[in-house]
Amino acid sequence: MSHLLAKYVNDEGRIPEDLLEQLAFNEKMAEIGRLAAGMIHELNTPLSVIVSAAQMIMREEELPEFVREMVERIDQEAQRLSQFTKGLLTFARREDDAGPDADINQVLREVMAFLKYEAQKRSITVVEELDFHLPSVAADGNRLKQVFINLVMNALQAMEQGGTLLVRTAIAQDGSVEAQIADTGPGITPEVLPRIFEPFYSTKAVGEGTGLGLFITRTIVELMGGRITVRSVVGEGTTFTAVFPAA
């Protein structure tokens, strides 16, 4: 048994039933993720055919204007789906496929492009304040992507009724590179705030969260030599700040 689970074993030497259910749910979601990756590979081929066919049709002369507009819309939507599937496949790629250093701004922009629809459907305004003079960070790009997807999705889910999401990068006082994800959601209460990084702790409804997102996020950041902090004011919003060593 891993050291992580050992502390959850009860006096009878068993793992509590609610924790077992959570672990089973996590395993199910992992299996769904593996199946989804295969489905995405299958989607890419017909999407490429649709894009190519649409572009060939648009090259035709004397094409009726309403037909051209419809074909252009098909081309745009097919390309949007293609970019979305590529983003999913990049996120699902193994960590050892990436290099030792990463451009934090590029990673954040890829994440925001990937989650653009999630923000739009919640009527959330995204503000990007990225410092493009930053050095690379000594971190794996795919792990960084997982960190930012977790943080951004948490922020979006906190603003179901709309709001503003601020994504910011800057140089920290010690020369490290920092990224901030700030939302204008309801905030986190003082009694909950100290527990948000605990494994299997979640304030979401059953089936809506694994209770591992922020725990995994902090673990990844610390494994890369960084640190993560959170500041929250009830009624105003929450800001996560992740700091990484420069390459």
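In what follows, the structure referred to is the one given above.
Note that the coordinates shown come from a computational prediction; the quantities given were computed from them, not determined experimentally.

Participant: Teacher, can you tell me more about unusual backbone geometry here?
Facilitator: Working note: non-glycine residues mostly have negative phi, and peptide bonds are mostly trans. Here glutamate 62, not a glycine, exhibits a phi torsion of approximately 55°, which is positive. Positionally, glutamate 62 belongs in the loop between α2 (17-58) and α3 (65-92). According to the relative accessible area criterion, glutamate 62 is exposed, its value standing at 80%. Residue serine 123 is not a glycine yet carries a positive backbone phi of 60°. Mapped onto the elements, serine 123 comes out in the loop between α5 (116-121) and β1 (124-129).

Participant: Just checking my understanding: could you explain the sheet that holds strand β4 (residues 227-233) for this structure?
Facilitator: Picture the strands of a sheet paired through backbone hydrogen bonds; they go either parallel or antiparallel. In space, the 5 strands of this open sheet follow the order β1-β2-β3-β5-β4, with mixed pairing throughout. If you trace the sheet from one side to the other, it starts and ends with β1 and β4, each paired once. Strand after strand, the sheet turns through a mean of 10° between neighbouring axes, direction not considered. Where β4 meets strand β5 (residues 237-244), 7 bridges bridge the pair, whose relative direction is antiparallel. Residue isoleucine 228 lies in a different strand from β5, and its bridge partner there is alanine 242. Its contacts with the sheet place helix α6 (residues 141-158) against β1, β2 (163-171), β3 (177-183), β4 and β5, and it is angled at close to 20° to β3. On the sheet, helix α7 (residues 213-223) packs against β4 and β5 and is oriented at approximately 140° with respect to β4.

Participant: What should I look at first to understand the packing of α6 against α7 in this one?
Facilitator: For any two helices packed against each other, the geometry is given by the interaxial angle and the distance between the axes. Running from N to C, α6 and α7 cross one another at 145°; their axes reach a closest spacing of 9 Å. Here the hand of the crossing between α6 and α7 comes out left-handed. Across from Arg143, Gln146, Val147, Asn150, Leu151 and Asn154 in α6, the residues of α7 making contact are Gly213, Leu214, Ile216, Thr217, Ile220, Val221 and Leu223. Across the contact of α6 with α7, the residue classes tally to 7 nonpolar, 5 polar and 1 charged.

Participant: Just checking my understanding: could you explain the packing of aromatic side chains for this structure?
Facilitator: Between two aromatic rings, the relevant description is the distance of the centres plus the angle of the planes. Throughout the structure, instances matching the rule amount to 2 aromatic pairs. Look at phenylalanine 148 and phenylalanine 244: their rings are 6.3 Å apart centre to centre, the planes differ by 80°, and that puts the pair in the edge-to-face class. Of this pair, phenylalanine 148 sits in helix α6 while phenylalanine 244 is found in strand β5, placing the two residues 96 residues apart along the sequence. In terms of burial, phenylalanine 148 and phenylalanine 244 fall into one category: buried.

Participant: Explain the pattern of salt bridges here, please?
Facilitator: Side-chain pairs of opposite charge can arise whenever the charged atoms involved come near each other. In total, this model carries 8 salt bridges according to the counting rule given. Between lysine 145 and glutamate 110 there is a salt bridge, with the nearest N and O atoms lying 2.7 Å from each other. Taken as a pair, lysine 145 in helix α6 and glutamate 110 in helix α4 (residues 104-114) lie far apart in primary sequence, 35 residues in all. For lysine 145, a relative accessible area of 6% puts it in the buried group.

Participant: Would you take a moment to explain α6 for this structure?
Facilitator: An α-helix turns once per 3.6 residues; consequently, residues spaced three or four apart project the same way. When the terminal C-alpha atoms of α6 are compared, their 26 Å separation across 18 residues agrees well with the 26 Å that a helix rising 1.5 Å per residue should span. Two or three places before asparagine 142, at the start of α6, stands the capping residue aspartate 140, its side-chain oxygen 2.9 Å from that residue's backbone nitrogen.

Participant: How should I be thinking about the pairing of β5 in this particular structure?
Facilitator: Along a regular strand, successive side chains alternate from one face of the sheet to the other. By the criterion of burial, β5 is predominantly enclosed, with 8 of the 8 residues buried. Burial of β5 is two-sided: the residues Gly237, Thr239, Thr241 and Val243 facing one way and the residues Thr238, Phe240, Ala242 and Phe244 facing the other way are all buried. Direction of pairing for β3 relative to β5: antiparallel, over a ladder of 7 bridges. Among the inter-strand pairings, alanine 179 is bridged to a residue of β5, identified as alanine 242.

Participant: What is the right way to read the environment of alanine 138 from this model?
Facilitator: Mapped onto the elements, alanine 138 comes out in the loop between β1 and α6. Alanine 138 gets classed as partly exposed once you look at its relative accessible area, which sits at 31%.

Participant: Honestly, the pairing of β1 in this entry has me stumped. Any pointers?
Facilitator: Inspection of the sheet shows β1 paired to β2 by 6 bridges, in the parallel sense. Opposite glutamate 128, over in β2, you have valine 167 as the bridge partner.

Procedures and definitions
- Residues numbered from 1 in each chain as written.
- Predicted model: local features only at pLDDT ≥ 70, side-chain atom pairs only at ≥ 80, totals over all residues.
- Heavy atoms only, no water.
- Helix = DSSP H or I, 4+ residues; strand = E, 2+ residues; numbered from the N terminus.
- Buried < 20%, exposed > 50% of the residue type's maximum accessible area, 1.4 Å probe, protein only.
- Pairing = 2+ DSSP bridges.
- Axes fitted to C-alpha atoms, helices over the stretch in contact; angles between N-to-C directions.
- Contact = heavy atoms within 4.5 Å.
- Left-handed = near helix turned anticlockwise from the far one by under 90°.
- Nonpolar A, V, L, I, M, F, W, Y, C, P; charged D, E, K, R; others polar.
- Phe/Tyr/Trp six-rings, centres within 6.5 Å; stacked < 30°, edge-to-face > 60°.
- Salt bridge = Lys/Arg side-chain N within 4 Å of Asp/Glu carboxyl O.
- Expected span 1.5 Å × (residues − 1).
- Polar contact = N/O pair within 3.5 Å; in protein donor to acceptor, adjacent residues only side chain to side chain.

In short, the description is geometric, and any link to function would need to be established separately.
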